[in-house]
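# Descriptive structure summary
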Amino acid sequence: MQCHYCDRTATFAPEMGGVQVGLCDTHFRERFESFAESDALESLQRDLDAEKSE
Ligand SMILES: [Zn+2]
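What counts and how
Residues numbered from 1 in each chain as written. Predicted model: local features only at pLDDT ≥ 70, side-chain atom pairs only at ≥ 80, totals over all residues. Heavy atoms only, no water. Helix = DSSP H or I, 4+ residues; strand = E, 2+ residues; numbered from the N terminus. Buried < 20%, exposed > 50% of the residue type's maximum accessible area, 1.4 Å probe, protein only. Contact = heavy atoms within 4.5 Å. Areas by Shrake-Rupley, 256 points an atom, 1.4 Å probe, with all protein chains shown as cover. Donors = N, O, S within 2.8 Å, 3.2 Å for Na, K, Ca; no water. Tetrahedral: all angles 85-135°; square planar, octahedral: opposite > 155°, others 65-115°.

### A look at the overall build of the chain
Assigned secondary structure in the chain consists of two helices and two strands. Split into buried and exposed, the 54 residues of the chain put 24% on the buried side. Residue pairs at least 24 apart in sequence account for 8% of intrachain contacts in the chain once pairs closer than 6 positions are excluded. Accessible surface for the chain amounts to roughly 4,100 Å². Of this, 44% is attributable to carbon and sulfur atoms.

Here you go:
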């Protein structure tokens, strides 16, 4: 899947508003920093880190 905002390959494909959107690292951070209320973002990042390390 390609990033929705640029030409890079999507690293993440979170479901936002019922639609799955491809996001590269940069745009993933941009999108989630914009509305993250810290706790939710931190737990999400922990989940992703755990997946990456496997
Ligand atoms: Zn991107």
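### Brief notes about the coordination of the zinc ion
Every protein donor of the zinc ion is accounted for by Cys3 (SG), Cys6 (SG), Cys24 (SG) and His27 (ND1), and the metal-donor separations fall at 1.9 to 2.4 Å. Of note is the zinc ion, whose four donor atoms meet at the metal with angles of 101 to 116 degrees in an arrangement that counts as tetrahedral. Here the donor residues of the zinc ion are spaced in sequence according to C-x2-C-x17-C-x2-H. Placement of Cys6 in the segment before strand S1 (15-16) and of His27 in helix H1 (residues 25-35) is noted, with a sequence separation of 21 residues between them.

### Let's talk about the side chain of His27
Look at His27 and you get buried, because its relative accessible area is 15%. In contact with His27, other than residues within four places in its own chain, are Cys3, Tyr5, Cys6 and Arg8.

### Here we look at the environment of Gly22
The topology assignment puts Gly22 in the loop between strand S2 (19-20) and H1. By relative accessible area, which is 5% here, Gly22 ends up buried. Separated by eleven residues in the primary sequence, Gly22 and Thr11 have C-alpha atoms spaced 7.3 Å apart. When sequence neighbours within four positions are dropped, the list of residues in contact with Gly22 reads Met1, Gln2, Cys3, His4, Ala10, Phe12 and Ala13.

### A few points about the environment of Ala13
On the secondary structure map, Ala13 appears in the segment before S1. Of the residues examined, Ala13 reaches a relative accessible area of 33% and is grouped as partly exposed. Spatially, the C-alpha atom of Ala13 lies 6.0 Å from that of Leu23, the residues being ten residues apart in sequence. Not counting residues up to four positions away in its chain, the partners in contact with Ala13 are Met1, Gln20, Val21 and Gly22.

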